[in-house]
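Residue-level structure breakdown
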Amino acid sequence: MSESEYTDDESKYGGASQSRAVVMDAILTPFRMLLSKTALRVYLNVILFSGATLFLLAISGLAYAVFYFRFIPAVGIEREIHLQFGDGNPWGIAVFESEFVSSQPYDVAVALDLPSTPTNRGVGNFMIDLTLHGPDTSSVLPTPSTSQNQIMQSRRPAIMTYTSPLVDIARRLIRLPLYVWGWRREAEILQVTMMEKVQFSRGANNRPQSLRLEIQSDREMQIYSARVEFRARFSGLRWIMYRWRLASFVVFSTLFWTISVASASLTWFLLTWAMQSEAAPGKAETKEESERDDRIKEESDDRDLLPESVKIKQEDTESQLLQSYPAEVDDAGIGSGRESAEARGAQKRRSR
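Residues numbered from 1 in each chain as written. Predicted model: local features only at pLDDT ≥ 70, side-chain atom pairs only at ≥ 80, totals over all residues. Heavy atoms only, no water.

Working definition: the strands of a sheet are paired by backbone hydrogen bonds and lie parallel or antiparallel to each other. Spatially, S2-S7-S4-S5 is the arrangement adopted by the 4 strands of the open sheet, whose pairing is antiparallel. Here the strands that pair on one side only, and so sit at the sheet edges, are strand S2 (91–95) and strand S5 (150–158). Between one strand axis and the next, the sheet turns by 15 degrees as a mean value, whatever way the strands run. Sheet topology note: the strand S4 (residues 126–133)/strand S7 (residues 210–216) ladder contains 7 bridges and is antiparallel. Looking at the pairing, Met-127 lines up with Gln-216 of S7. (Pairing = 2+ DSSP bridges. Helix = DSSP H or I, 4+ residues; strand = E, 2+ residues; numbered from the N terminus. Axes fitted to C-alpha atoms, helices over the stretch in contact; angles between N-to-C directions.)

And the structure:
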């Protein structure tokens, strides 16, 4: 086989291997870019930022929930009044906890469940007396000491709904099956508004701690039950947050999250800038030291490349310079000893 055939085979196999290397390099180039140090640094930053964003989002939702339950008071507060019958008018008391919010308007109403008896219908008008007491009240009985601790008092008239005998008979006949099966009762629930948009001043002593309800009538009355209801009347931001709960949650949570992310990003930027500022002088010193070491290495390499005659000549010049200085015996110290030793070494090399 001739040399030209060997050359052709080598060029053919060499070209094939080179083409495969080019193809593999083209295939692996994207993976090298994806796994480079810069890409890994970007991945780490993205993971940290995403984790911090999700964490701040959860914190924002929790913060809005806490803010909602702290800012929005209870819409309705009800107390069942157990009336006391005996001497005088029937009366009852109830105690509150820290359920009221200062400067929040409330509507106060009394609900009386009265049976439709001839006695109650014959009473006509009667009075309802409601008194709210502060926390320092020692007794809710009507005494001079409790009048000083009254936060608010209201007296309102009430009367059962009048129906003519004919209408009353027709209504009872229509509802007779319901009465028989127990699905309806011959009773009426009176809703009497006692206070409108009442507000309590700031301070625990200005919020109601107890109440006293009294039914004032000239004739004896029959009462199934009595209940006092407080209804909060929202306005402004509280009305928006209560009326549009989901929209308020999205808007305020997004606002809290935006502020949190902006604050975290600003803090991250400041910390990074401070760390880079502290590391800059050390990097400059390290660069200067490396440059100085490179210059020293280059000078030593250049000196090693000089011919022997040039080296001997430089050493002779150094020895002559050293001999030109007067020798000091007492005050020379360690430095003069080293210089004399270097001069003797140079003379020995020259004698060789």
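This part is about helix H2 (residues 37–71). For H2, with 35 residues, the first-to-last C-alpha span of 50 Å sits near the 51 Å given by 1.5 Å per residue. Restricting attention to buried positions, one finds in H2 the residues Ala-39, Thr-53, Leu-56, Ser-60, Gly-61, Tyr-64 and Tyr-68. (Expected span 1.5 Å × (residues − 1). Buried < 20%, exposed > 50% of the residue type's maximum accessible area, 1.4 Å probe, protein only.)

This part is about the sheet that holds strand S1 (residues 76–81). The 4 strands lie next to each other as S1-S8-S3-S6, forming an open sheet whose pairing is antiparallel. The open sheet has two edge strands with one neighbour each: S1 and strand S6 (187–198). The mean inter-strand angle of the sheet, taken between neighbouring strand axes irrespective of direction, is 15 degrees.

A few words now on the UniProt feature "transmembrane region" (unreviewed entry) in the chain. Per the UniProt entry, the sites bearing "transmembrane region" (unreviewed entry) are residues 42–69 and 246–271 in this numbering. Annotated as 100% helix and 0% strand, the span residues 42–69 places its first and last C-alpha atoms 41 Å apart. Secondary structure across residues 246–271 comprises 100% helix and 0% strand; the distance between its end C-alpha atoms is 37 Å. (UniProt positions renumbered as here; feature names shortened; annotations may be inferred.)

Taken together, the side chains of Leu-34, Leu-35, Leu-40, Val-42, Tyr-43, Val-46 and Ile-47 present a nonpolar region at the surface, about 670 Å² in accessible area. Tracing the chain through its elements places Val-46 in helix H2. Residue Val-46 is classed as partly exposed on the basis of its relative accessible area of 47%. (Patch = residues over 30% accessible without salt bridge, like charges linked within 9 Å, V, L, I, M, F, W, Y side chains within 5 Å. Areas by Shrake-Rupley, 256 points an atom, 1.4 Å probe, with all protein chains shown as cover. Salt bridge = Lys/Arg side-chain N within 4 Å of Asp/Glu carboxyl O.)

Moving on, we get to the packing of aromatic side chains. Evaluation of the coordinates by the stated rule reveals 13 aromatic pairs. Aromatic side chains Tyr-64 and Phe-252 sit 5.9 Å apart centroid to centroid with 15 degrees between the ring planes, which places their arrangement in the stacked category. Taken together, the positions of Tyr-64 in helix H2 and Phe-252 in helix H8 (residues 245–304) put the pair 188 residues apart, joining distant regions of the chain. In terms of burial, Tyr-64 and Phe-252 fall into one category: buried. Ring geometry for Phe-67 against Phe-71: centres 5.3 Å apart, planes inclined by 10 degrees, an arrangement best described as stacked. Placement of the pair is Phe-67 and Phe-71 together in helix H2, with a separation of 4 residues, close to one helical turn. (Phe/Tyr/Trp six-rings, centres within 6.5 Å; stacked < 30°, edge-to-face > 60°.)

By the definition in use, this model includes 11 salt bridges. Residue Asp-113 is joined to Arg-185 by a salt bridge in which the shortest nitrogen-to-oxygen separation is 2.6 Å. Of this pair, Asp-113 sits in strand S3 (residues 106–115) while Arg-185 is found in the loop between helix H6 (176–181) and S6, placing the two residues 72 residues apart along the sequence. A relative accessible area of 47% means that Arg-185 is categorised as partly exposed. Taking the shortest distance from any N to any O, the salt bridge between Glu-196 and Arg-156 comes out at 3.3 Å. Pair noted here: Glu-196 is in strand S6 and Arg-156 is in strand S5, with a separation of 40 residues, a long-range link. Using a relative accessible area of 46% as the deciding quantity, one classes Glu-196 as partly exposed. Of the residues examined, Arg-156 reaches a relative accessible area of 24% and is grouped as partly exposed. Salt bridges linked by common partners bring Glu-78, Arg-227, Glu-229 and Arg-231 together as one network.

Attention shifts here to the nonpolar core. Note on soluble globular proteins: their nonpolar side chains tend to be buried together. The biggest cluster of nonpolar side chains holds 39 residues, and the ones touching the most others in it are Leu-112, Phe-126, Ile-128, Leu-130, Leu-211, Val-228 and Phe-230. Mapped by element, the contributors of at least two residues to this core are H2, S1, S3, S4, S6, S7 and strand S8 (225–232). Domain assignment of the residues forming this core places at least three in each of domain 1 (37–72 + 234–270) and domain 2 (76–136 + 149–233). (Core = buried A, V, L, I, M, F, W, Y, C linked by side-chain atoms within 4.5 Å. Domains from an automatic or database assignment.)

Remark: a regular strand shows side chains that alternate across the two faces of the sheet. On S2, burial follows the alternation: Gly-92 and Ala-94 on one face are buried, whereas Trp-91, Ile-93 and Val-95 on the facing-out side are not. In this sheet, S7 lies alongside S2 in antiparallel orientation, the contact comprising 5 bridges. Opposite Val-95, over in S7, you have Ser-210 as the bridge partner.

So, on to the side chain of Ser-102. Mapped onto the fold, Ser-102 is located in the loop between S2 and S3. Here the side chain of Ser-102 touches Ser-201 through a polar contact of 3.3 Å, landing on its backbone oxygen. Excluding residues within four positions of it along the chain, Ser-102 makes contact with Phe-200, Ser-201, Arg-202, Gly-203 and Arg-207. (Polar contact = N/O pair within 3.5 Å; in protein donor to acceptor, adjacent residues only side chain to side chain. Contact = heavy atoms within 4.5 Å.)

What follows deals with unusual backbone geometry. A positive phi angle is found at Ser-103, which is not glycine, with a value near 60 degrees. Looking at the element boundaries, Ser-103 is found in the loop between S2 and S3. Judged by relative accessible area, Ser-103 falls into the partly exposed class, the value being 38%. Backbone geometry places Lys-197, a non-glycine residue, at a positive phi of 50 degrees. As for its position among the elements, Lys-197 is in strand S6.

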